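Inside the fold
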Amino acid sequence: MQKPVEWQVRTPFWVWFVTVTVLLLVSLILVFQSFVLFLSATLATFLCCRRRVVHSLFARGSLRFENGGWFYVAHHGSERQVLLKRVWPNAFWTTLRFTQEASGANQIMELTVWKSRVPEQAWRALGMLVAQHIAAAGGVRERA
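Residues numbered from 1 in each chain as written. Predicted model: local features only at pLDDT ≥ 70, side-chain atom pairs only at ≥ 80, totals over all residues. Heavy atoms only, no water.

With that settled, the discussion passes to helix H4 (residues 120-136). Between its first and last C-alpha atoms H4 spans 24 Å; for 17 residues at 1.5 Å apiece the expected length is 24 Å, and the two agree. Taken together, the buried positions of H4 are occupied by Ala 122, Trp 123, Ala 125, Leu 126, Leu 129, Val 130, His 133 and Ile 134. (Helix = DSSP H or I, 4+ residues; strand = E, 2+ residues; numbered from the N terminus. Expected span 1.5 Å × (residues − 1). Buried < 20%, exposed > 50% of the residue type's maximum accessible area, 1.4 Å probe, protein only.)

Take a look at the structure:
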């Protein structure tokens, strides 16, 4: 029996800072170019946020691997079992795509585990699980 491992799924402050800075700079440029462009970009951003496009980057909660299964615990406390489908590993973060059976329809959920947010031992354990997943998938490594 393998010891359960848990990873925090939370975006580091520097990612928030860079995102807000870039959005502010783009907004300023658009305002000075054309107010219509600014309104169009604001509307597009609003629609993307409503469609949860940015959810995977800014999701909060924890991910746990226990007894051969993956579990996601949202920051408000609800827990669900999920099935790992794809992995995009890299040196600073790893993005994982899961599916979840909910009322007969597969729901896709992408979570990012940031290296700076987890202990070194948990990061290594995630790397080993990712390597096992890649080996089980026939050695195909997903690229961003």
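Turning next to the pattern of salt bridges. Counting across every chain of the model gives four salt bridges. The partner of Arg 64 in a salt bridge is Glu 66, and the shortest N-O contact between them spans 2.8 Å. Overall, Arg 64 belongs to the buried group, its relative accessible area being 14%. Under the relative-accessibility criterion, Glu 66 is labelled partly exposed at 25%. We note a salt bridge from Arg 97 to Glu 110, for which the minimum N-O separation is 2.3 Å. Linking Arg 97 in strand S5 (residues 93-102) with Glu 110 in strand S6 (residues 105-114), this pair joins segments that are 13 residues apart in sequence. On the basis of relative accessible area, Glu 110 is assigned to the partly exposed category, the value being 23%. One network of salt bridges, in which partners are shared, links Arg 64, Glu 66 and Glu 79. (Salt bridge = Lys/Arg side-chain N within 4 Å of Asp/Glu carboxyl O.)

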